[in-house]
Amino acid sequence: MRYAAITGWGMAVPERVLTNADLERMVDTSDEWIVSRTGIRERRVVGPNDSTTSLSAAAARQAMAQAGLDIDDIDLIVVATCTPDQFLVSEACLVQAELGGRAGAFDIGAACAGFVSALAVGSQFIQTGAHDRVLVIGADTLSRFVDYTDRSTCILFGDGAGAVVLEATEQPRGLLSTVLGADGAGYKHLYIPGWGAFVPETAELFPEYRPHLQMNGREVFRFAVNVMGDSAAEAVAKAGLSFADIDMLIPHQANQRIIDAAARRLGLPRERVWVNLDRYGNTSAASVPIALAEAAAAGALQEEDNLVLVAFGGGLAWAAGVVRWGVAGVARRVPAVEVAVGAGV
Ligand code: UT7
């Protein structure tokens with residue numbers, strides 16, 4: 001039986017920091033409100049020369065270096081994003097233009113649930129024997145679509161990218177179970193209207209160039225609290241494990257209260273939940289792989305640890321999975337190197 005071990009990880013966020021104090025000067029809000037309702041203190045936002053592509057490429061380079069591979073070793077690039085730099089071509093091809101190589105390259109669109117969905121897709125290509133090494137990236141630059149006069153959304157989102165390298169092994173490592181779901185009927189609770197091919201009223205509705213993200217926060221909150229816990233619990237059961245077997249929860253970083261509810265559902269204390277939303281806010285498809293890369297770089301993940309990855313967002317879509325950490329059984333041609341995983345592009 002083949003599995004898809006995670007052998008490399010990386011992350012990148014823009015250098016520009018947007019603090020709660022900055023937002024206090026932009027909209028009618030307060031640091032106290034933002035921290036108590038969300039847990040977010042600051043987020044990173046792209047500058048004029050940063051892009052989904054530049055962040056993705058930086059995270060991918062770290063992940064490949066960590067795995068001891070270069071781009072010519074990679075068979076497939078899968079990028080999860082809802083903010084590609086262009087419609088045509090795929091974000092994955094734009095990343096490939098930066099990195100080189102001849103790997104297959106395509107995108108996955110599942111908004112904030114995108115990375116966990118892409119991890120499932122990439123893992124399947126390895127499990128079936130179709131490919132041996134897959135680069136999976138989650139990246140978004142939602143700040144480009146946030147309305148910085150709308151206090152109910154502009155406080156939440158930041159930009160970033162995270163990446164992992166998957167490699168074939170006969171040992172049970174990598175994704176052991178997957179739970180994917182969506183409720184398309186609820187799509188208007190979190191979406192960017194007017195950014196697509198079918199926009200007959202665009203000119204009238206959006207005289208400015210860019211449409212903006214719109215969200216019904218309370219509805220999304222209600223949905224998220226239920227679906228995070230339920231799908232995480234389902235992923236644990238599908239992997240044939242119990243909550244006591246889970247070493248670390250790596251949740252989508254949207255709201256501390258939503259994360260706490262998911263952790264309670266799995267019976268996990270705070271120290272076994274990786275949280276970084278205070279520093280990055282909600283980075284959409286990048287949030288889970290950034291958290292994973294940080295946890296790995298901090299030495300918080302040990303060989304054979306069972307991790308629960310769980311995310312929710314626009315769609316409304318959700319995705320969860322159990323990952324067994326470690327590289328046992330991976331055939332290495334080049335020894336892996338320790339790479340400083342960190343911020344900045
Ligand atoms: O990847 C998925 C992305 N989306 C999410 O995860 C969103 C999930 N939802 C949430 O995280 C929360 O619903 C929010 C953080 C967005 C909002 O928190 P809430 O506790 O649900 O607040 P609310 O929407 O019920 O608003 C409560 C009050 C309202 O005032 P009134 O009507 O009670 O007078 C809002 O106008 O808070 C007001 N408010 C704010 N006040 C200060 C909304 N945004 C702000 C703000 N600063 N930034």
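Rules behind the numbers
Residues numbered from 1 in each chain as written. Predicted model: local features only at pLDDT ≥ 70, side-chain atom pairs only at ≥ 80, totals over all residues. Heavy atoms only, no water. Helix = DSSP H or I, 4+ residues; strand = E, 2+ residues; numbered from the N terminus. Buried < 20%, exposed > 50% of the residue type's maximum accessible area, 1.4 Å probe, protein only. Contact = heavy atoms within 4.5 Å. 1 Å grid on protein atoms, 1.4 Å probe; cavity = no way out; pocket = protein on both sides within 12 Å on 5 of 7 lines; lining within 4 Å. Points joined across faces, edges and corners; volume = space filled by probe spheres on them. Nonpolar A, V, L, I, M, F, W, Y, C, P; charged D, E, K, R; others polar. Axes fitted to C-alpha atoms, helices over the stretch in contact; angles between N-to-C directions. Parallel < 35°, antiparallel > 145°, perpendicular 65-115°, else oblique. Left-handed = near helix turned anticlockwise from the far one by under 90°. Expected span 1.5 Å × (residues − 1). Near = heavy atom within 4 Å. Polar contact = N/O pair within 3.5 Å; in protein donor to acceptor, adjacent residues only side chain to side chain. Areas by Shrake-Rupley, 256 points an atom, 1.4 Å probe, with all protein chains shown as cover. Sits in = over half its atoms within 2 Å of the grid points.

(A) Up close: unusual backbone geometry. Cis rather than trans, the peptide bond between Gly315 and Leu316 has omega equal to -10 degrees. The phi dihedral of Ala111 is positive, around 50 degrees, even though this residue is not glycine. As for its position among the elements, Ala111 is in the loop between strand E5 (104-108) and helix H5 (114-127).

(B) Structural detail: the side chain of Gln256. When you line up the elements, Gln256 lands in helix H9 (residues 256-266). By relative accessible area, which is 15% here, Gln256 ends up buried. Every residue in contact with Gln256, bar those within four places of it in the chain, is listed here: Thr38, Gly39, Arg270, Val275 and Leu277.

(C) Molecular detail of the layout of surface pockets. By volume, the largest pocket amounts to about 530 Å³. Contributing to the lining of the largest pocket are 21 residues, with Met215, Gly217, Arg218, Phe221 and Asn255 lying nearest its centre. Among the elements of the structure, helix H2 (31-38), helix H8 (217-238), H9 and strand E12 (306-313) are those that each provide at least two residues to the lining of the largest pocket. Per-element tally for the lining of the largest pocket: the top contributor is H8, with four residues. Along the lines of polarity and charge, the residues of the lining of the largest pocket split into 12 nonpolar, six polar and three charged.

(D) Region of the structure containing the environment of Ile108. Secondary-structure assignment places Ile108 in strand E5. You can call Ile108 buried: its relative accessible area is 16%. Sequence separation of Ile108 and Gly138 is 30 residues, and the distance between their C-alpha atoms is 9.2 Å. Leave out the neighbours within four places in its chain, and Ile108 touches Val78, Val79, Ala80, Thr81, Gly114, Ser117, Ala118 and Val121.

(E) Examining the packing of helix H3 (residues 52-67) against helix H4 (residues 91-99) more closely. Running from amino to carboxyl end, H3 crosses H4 at an angle of 60 degrees, the nearest separation of the two axes being 9 Å. Considered as vectors, H3 and H4 are oriented oblique to each other. Handedness of the crossing formed by H3 with H4: right-handed. Contacts from Thr52, Thr53, Ser56, Ala57, Ala60, Arg61 and Met64 in H3 reach Glu91, Leu94, Val95, Glu98 and Leu99 in H4. Of the residues contributing to the contact of H3 with H4, the split by class is six nonpolar, three polar and three charged.

(F) Focus on H9. Counting buried positions along H9 gives eight out of 11 residues, so the element sits mostly inside the fold. Immediately beyond the C-terminal end of H9, within one or two residues, lies Gly267, with a positive phi of roughly 70 degrees.

(G) Representation of H5 in the model. Compared with the 20 Å implied by 1.5 Å per residue over 14 residues, the 20 Å span of H5 between its first and last C-alpha is a close match. In terms of residue burial, H5 counts as a mostly covered element, since 10 of its 14 residues are buried. Along H5, the positions that sit buried rather than exposed are Gly114, Phe115, Val116, Ser117, Ala118, Leu119, Ala120, Gly122, Ser123 and Ile126. Just past H5, the residue Gly129 takes up positive phi, approximately 90 degrees.

(H) Seen up close, the site of the ligand. Taken together, the neighbourhood of the ligand is formed by 21 residues, with Thr29, Arg37, Arg218, Asn255 and Asn282 sitting nearest. Residue Thr29 places a side-chain N or O atom 2.7 Å away from a nitrogen atom belonging to the ligand. Taking Arg151, its main chain carries an N or O atom lying 2.9 Å from a nitrogen atom of the ligand. For the ligand, the protein covers 76% of the area, taking 950 Å² as the surface of the free molecule. Of the pockets mapped on this structure, the ligand occupies the largest pocket. The set of elements that each furnish at least two residues to the shell around the ligand consists of H2, helix H6 (151-154) and H8.

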